[in-house]
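Chain residues, written in single-letter form:
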Amino acid sequence: MPLRSLHPLPLVPLSPQDWVFLTRFCFLSDFGRLDFRFRYIKSRCCQNILLYFDDSSQWPAVYKRPDKDCYQKEAVLRPENNQVINLTTRYTWSGCVGDEEVLSCVGGRSFRSVRERWWYIALSKCGGEGLQLEYEMKLTNGQSFWTQHFSADEFGILETDITFLVIFSLVFILSCYFAYNLKGRQLLHTTYKMFMTAAGVEVLSLLFHCIYWGLYARDGVGNGSLKIMGKLLFSVSFLVFLLMLILLGKGFTVTRARISHSGSVKLSIYMTVYTITYIILFIYEAEFFDPGEVLYAYDSPAGYGLMGLQLLAYVWFCYAVLISLKHYPEKQPFYIPFFTAYTLWFFAVPVMALIANFGIPRWAREKIVNGIQLGIHLYAHIVFLAITRPSAANKNFPYHVRTSQIGILLSSPKAGVAGESFPHHAYGNSSFLGDSQPNFTELFSIQSVSGRALGGETGDLEKDVMYSSGKNLRDHCKIISFFGFNIHWCV
């Protein structure tokens, strides 16, 4: 917990109220420690530090209970458990000394409990003119770099983020290596670039989070801007990956060269709504989350809205995959494992949110949810990396049309959808031969073709080429491929 100087010098009015909540902290069962320094004008004596724990008879019984006055809120505490620290010279444990005008109190408390639990710290001055004081508090758990300034619900977050940063960095590096191989075979499609973008942004997000938590562990303060930037990048990575899944489900770069105009409009509207909902969630979390309650980001209207949009995306994803399989049944080796794996992913996020809201103890929620959330993202990235690896052994490889051929398909004079759809072909993984087996099959080949001339690189695309001149005049043509050069020979 950071050293909090919430009100700098000179002395300022904290609140006209006689009971005020300050902060909360989850202490370890044996190593929790509160160190404080309070100073206030002696004429405003006497003020108290109140230590509530998360038992239903204490904090929930007094917080946001306007029907209870200051005395009733103090009455739920047990002075014999040292839950009330009277900031006067008469109370030895308060460490108060003073002169004729100012009373200064420097002291601390150690916390012992049967398990980690939340403690809530408040100030009171019942029956007076309200609170006016300056204070500093330092709340710690032991002396270790990994625990000292962390609330117990945050234990392990830094170590977890560092671990996932290393793993995601390896995933990103491996995706770059695969992309290099795909580019050499002209199979580096837009959807794979989107995957690389999502993985790269995820790495940046984890880097910002690791820097934030590292600074926090060192001085107990950190830099809030780094944490916000990490969250924003995490959301961007998620949105890019989600868009990529929907596009692949619709067959983009797998069975078609582009999405229809109506489909593009629907996707634009959906992603805009999703992005706006994410922004609302950030604003809601920053402005409306009550620090006196242990809340989770999805435990809000915007959070439930995101879960609803996730389920809507899954319905859309299912429909898109079914349509793609209907028109391209030969793509089953890709779409069946693709659909199965990401069905689990689509449901993992809402299920995780519901479990976090209702099934995980609040004193352990943040660290558990952090690990689960990163694990879900890692699962999604590793699955995609596996099914798109450029290997002859990969029977799930989705792409068969080369990037150099897409522009030719789009410029085809065939009407509408026919010009956007790829020819029927199983997979391009047949071109990925083992390192010990050189590929001589493409050095010299003569293909008998009929159809529109493709020109240049032909690859695995059906080489049906037709030239037309005048009315319904068609010539039968052949393509001779010699060391990568294509020669069009028409009879």
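Residues numbered from 1 in each chain as written. Predicted model: local features only at pLDDT ≥ 70, side-chain atom pairs only at ≥ 80, totals over all residues. Heavy atoms only, no water.

An unreviewed UniProt entry lists the protein chain under the name Intimal thickness related receptor IRP domain-containing protein, with Esox lucius given as the organism.

Q: Looking at this structure, how should I read the sheet that holds strand E4 (residues 48–53)?
A: Across a sheet, paired strands are connected by hydrogen bonds in the backbone, their directions being either parallel or antiparallel. If you walk across this open sheet you meet the 4 strands as E2-E8-E4-E5, and the pairing is antiparallel. The sheet is open, and its two edges are formed by strand E2 (19–27) and strand E5 (84–86), each paired on a single side. The mean inter-strand angle of the sheet, taken between neighbouring strand axes irrespective of direction, is 20°. Inspection of the sheet shows E2 paired to strand E8 (residues 117–124) by 8 bridges, in the antiparallel sense. By the bridge assignment, Phe25 is partnered in E8 with Trp119. (Pairing = 2+ DSSP bridges. Helix = DSSP H or I, 4+ residues; strand = E, 2+ residues; numbered from the N terminus. Axes fitted to C-alpha atoms, helices over the stretch in contact; angles between N-to-C directions.)

Q: Please explain the pairing of E4 as it appears in this structure.
A: The side chains of a regular strand alternate between the sheet's two faces. Along E4, 6 of the 6 residues are buried, which leaves the element largely enclosed by surrounding structure. Every second residue of E4 is oriented toward a common face, with Asn48, Leu50 and Tyr52 on one face and Ile49, Leu51 and Phe53 on the other, all of them buried. Note that E4 and E5 share 3 bridges and pair antiparallel. The residue bridging Asn48 from the neighbouring strand is Asn86, located in E5. Bridge count between E4 and E8: 6 bridges; the pairing is antiparallel. Looking at E8, one finds that Phe53 is bridged to Trp119. (Buried < 20%, exposed > 50% of the residue type's maximum accessible area, 1.4 Å probe, protein only.)

Q: Before we go on, may I ask you to explain helix H3 (residues 157–184) in this structure?
A: The α-helix winds at 3.6 residues per turn, so residues separated by three or four positions along the chain end up facing the same way. Here H3 spans 40 Å end to end across 28 residues, near enough to the 40 Å set by a 1.5 Å rise per residue. Among the residues making up H3, those that are buried are Ile157, Leu158, Asp161, Phe164, Leu165, Phe168, Val171, Ser175, Phe178, Ala179, Asn181 and Leu182. Close packing links the buried residues of H3 with helix H4 (190–219) and helix H9 (365–387). Of the residues trailing H3, Gln186 is marked for its positive phi of about 60°. (Expected span 1.5 Å × (residues − 1). Contact = heavy atoms within 4.5 Å.)

Q: What is the right way to read the sheet that holds strand E7 (residues 102–111) from this model?
A: With respect to topology, 4 strands assemble into an open sheet ordered E6-E7-E3-E10, the strand pairing being antiparallel. In this open sheet, the two strands that pair with only one neighbour each are strand E6 (96–98) and strand E10 (134–141). Between one strand and the next, the sheet's axes are offset by a mean angle of 10°, whatever the strand orientation.

Q: Can you help me understand the packing of aromatic side chains in this one?
A: Both the distance between ring centres and the angle between the ring planes are used here to describe each pair of aromatic rings. All chains considered together, the criterion is met by 46 aromatic pairs. Measuring from ring centre to ring centre gives 4.9 Å for Tyr314 and Phe347, while their planes differ by 65°; the resulting arrangement is edge-to-face. Within this pair, whereas Tyr314 is found in helix H7 (residues 301–327), its partner Phe347 is found in helix H8 (residues 332–358), the two being separated by 33 residues in sequence. Here Phe334 and Phe338 contribute two aromatic rings whose centre-to-centre distance is 5.0 Å and whose plane-to-plane angle is 20°, an arrangement assigned as stacked. Separated by 4 residues within a single helix, Phe334 and Phe338 lie in helix H8, roughly one turn from each other. (Phe/Tyr/Trp six-rings, centres within 6.5 Å; stacked < 30°, edge-to-face > 60°.)

Q: Any chance you could explain the state of the cysteines here in plain terms?
A: Each disulfide consists of one covalent bond between the sulfur atoms belonging to two cysteines. In this structure the tally under the stated criterion is 2 disulfides. There is a disulfide in this structure between Cys70 and Cys126, and the S-S distance comes to 1.8 Å. Linking Cys70 and Cys126, the disulfide has an S-S dihedral of approximately -75° and is accordingly described as left-handed. Here the residue Cys70 occupies a position in helix H2 (residues 70–75), and Cys126 occupies one in the loop between E8 and strand E9 (131–132), the gap between them amounting to 56 residues. When its relative accessible area of 5% is taken as the criterion, Cys70 is described as buried. Note that Cys96 is cross-linked by a disulfide to Cys105, the S-S spacing being 1.8 Å. Looking down the S-S bond of the Cys96 and Cys105 bridge, the torsion is 105°, so its handedness is right-handed. Each of the two residues, Cys96 as well as Cys105, counts as buried. (Disulfide = S-S within 2.5 Å.)

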